[in-house]
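Residue-level listing of the chains:
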Amino acid sequence: MFMRHLIVFSFIALLAGCAGFGARESVQGQGNTAQWREYKQQLTGLDGWQINGKIGIRAPKDSGSGTLFWLQRQDYYDIRLSGPLGRGAARLTGRPGKVSLEVANQGRYDATSPETLLEEQLGWKLPVSNLAWWVRGLPAPDSKSRLTLDTDSRLANLEQDGWQVEYLSYAEQNGYWLPERIKLHGTDLDVTLVIKEWQPRKLGQ
């Protein structure tokens, strides 16, 4: 009898956990949700990459484009922008709790979050912490999201934390289907990412 109650209780707890997870993620669109979960699990395990591409920025006072280099090694990142908005080169490096921004001919600045640094020094309100998820075609796990799947059960649109993210195309690289063209729409900022080269690596096991 005890074992039966234990099994029932465990099953209810499992359902409650699944409900809590699903409540953070509203899914719609033409894709298959089971395929989406499988795709999501694969990409969540992808914790290392190197990206080369272009970035376009549209802000109330500035607009422009430049090149993008992004090295990710688990929780460490090195993001380099060259040329956008006529500011020259900028390099953002760090890990949770410790971030540095180097801007050509201006110096180096430190803070506890990348969002704080970019807003203070460049005037951009950009959710950098979410970008590590969005660039893989995933919603960030720490806030509610609204997803629209395409016919291949990958993200077509994502709404999260006041941002709308459009996924315009994907490319296969080393067994992973990864975003190739992404548009991000915020309140005062629009960003376009064109990824010309993906080098995905699974570092942690």
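Thresholds applied
Residues numbered from 1 in each chain as written. Predicted model: local features only at pLDDT ≥ 70, side-chain atom pairs only at ≥ 80, totals over all residues. Heavy atoms only, no water. Pairing = 2+ DSSP bridges. Helix = DSSP H or I, 4+ residues; strand = E, 2+ residues; numbered from the N terminus. Axes fitted to C-alpha atoms, helices over the stretch in contact; angles between N-to-C directions. Phe/Tyr/Trp six-rings, centres within 6.5 Å; stacked < 30°, edge-to-face > 60°. Buried < 20%, exposed > 50% of the residue type's maximum accessible area, 1.4 Å probe, protein only. Lys NZ or Arg CZ within 6 Å of the ring centre and 35° of its normal. pLDDT = per-residue confidence, 0-100. Contact = heavy atoms within 4.5 Å. Polar contact = N/O pair within 3.5 Å; in protein donor to acceptor, adjacent residues only side chain to side chain. Arc of directions from axis to C-beta.

Regarding the sheet that holds strand β5 (residues 89-95)
By definition, the strands of a sheet pair up through backbone hydrogen bonds, in either a parallel or an antiparallel sense.
Okay, step 1: A sheet is described by the order of its strands in space; here 12 strands give the open sequence β1-β8-β9-β10-β11-β12-β2-β3-β4-β5-β6-β7, paired in mixed fashion. Looking at which strands have only one partner, the edges of the open sheet turn out to be β1 (25-29) and β7 (107-111). Adjacent strand axes in the sheet meet at a mean angle of 20 degrees, parallel and antiparallel pairs treated alike.
Okay, step 2: Sheet topology note: the strand β11 (residues 176-185)/strand β12 (residues 190-201) ladder contains 5 bridges and is antiparallel.

Quick notes on the pairing of strand β3 (residues 63-73)
Okay, step 1: Strand direction decides the pairing type here: strand β2 (residues 48-58) and β3, joined by 11 bridges, are antiparallel. Within the sheet, the bridge partner assigned to W49 lies in β3 and is Q72.
Okay, step 2: With 7 bridges connecting them, β3 and strand β4 (residues 76-82) associate as antiparallel partners. Its bridge partner being in β4, W70 is matched across the sheet by I79.
Okay, step 3: Where β3 folds back onto β4 in an antiparallel hairpin, the turn is made up of 2 residues, including Q74, whose phi is positive at roughly 55 degrees.

Notes on the pairing of strand β10 (residues 163-173)
Okay, step 1: Note that strand β9 (residues 155-160) and β10 share 4 bridges and pair antiparallel. Paired with N157 across the two strands is E166, which belongs to β10.
Okay, step 2: Between β9 and β10, which follow one another and run antiparallel, lie 2 residues, and D161 among them has a positive phi close to 50 degrees.
Okay, step 3: Across 9 bridges, the pairing between β10 and β11 is antiparallel. Paired with E166 across the bridge in β11 is K183.
Okay, step 4: Linking two consecutive strands that pair antiparallel, namely β10 and β11, is a turn of 2 residues; a positive phi of about 55 degrees is found at N174 within it.

Topic: unusual backbone geometry
Okay, step 1: Phi at Q74 takes a positive value of approximately 55 degrees, unusual for a residue other than glycine.
Okay, step 2: Even without a glycine there, the phi angle at D161 is positive, about 50 degrees.
Okay, step 3: For D161, the position within the fold is in the loop between β9 and β10.

Thoughts on the packing of aromatic side chains
Okay, step 1: Scanning all chains against the criterion turns up 5 aromatic pairs.
Okay, step 2: Note on W49 and W198: the rings are 6.1 Å apart at their centroids and 65 degrees apart in plane angle, and the pair reads as edge-to-face. Note that W49 is positioned in strand β2 and W198 in strand β12, a separation of 149 residues in sequence.
Okay, step 3: On the basis of an interplanar angle of 20 degrees and a centroid distance of 6.1 Å, the ring pair of Y167 and Y170 is categorised as stacked.
Okay, step 4: Assessed through its relative accessible area of 14%, Y170 is described here as buried.
Okay, step 5: Here a set of aromatic residues connected by ring pairs shows up, and it is made of W49, W70 and W198.
Okay, step 6: The aromatic ring of W133 is capped on one face by R136, whose charged end is 4.5 Å from the ring centroid.

A short note on the confidence of the model for the chain
Okay, step 1: Scored by pLDDT, the chain has a mean of 84; 86% of the residues are at 70 or more.
Okay, step 2: A low-confidence stretch, residues 1-23 stays under pLDDT 50, and its non-local contacts, those more than four residues away or across chains, total 2 contacts.

Some thoughts on the environment of T148
Okay, step 1: Looking at the element boundaries, T148 is found in strand β8 (residues 145-149).
Okay, step 2: The exposure class of T148 is partly exposed, given its relative accessible area of 22%.
Okay, step 3: Residues T148 and Q28, 120 residues apart in the sequence, show an inter-C-alpha distance of 4.9 Å.
Okay, step 4: Setting aside chain neighbours within four positions, we find T148 in contact with Q28, G29, R154, L155, A156 and N157.
Okay, step 5: A distance of 3.3 Å separates a polar atom in the side chain of T148 from a polar atom in the side chain of Q28.

Quick word on helix α3 (residues 114-121)
The periodicity of an α-helix, 3.6 residues per turn, causes residues three or four places apart in sequence to face the same way.
Okay, step 1: Of all the positions in α3, only P114, L117 and L118 are classed as buried. One side of α3 carries all its buried residues, which in axial view fall inside an arc of 90 degrees.
Okay, step 2: On its buried face, α3 is in contact with β4, β5, β6 (98-103), β7 and α4 (128-134).
Okay, step 3: Looking one or two residues past α3, G123 carries a phi angle of roughly 80 degrees, positive in sign.

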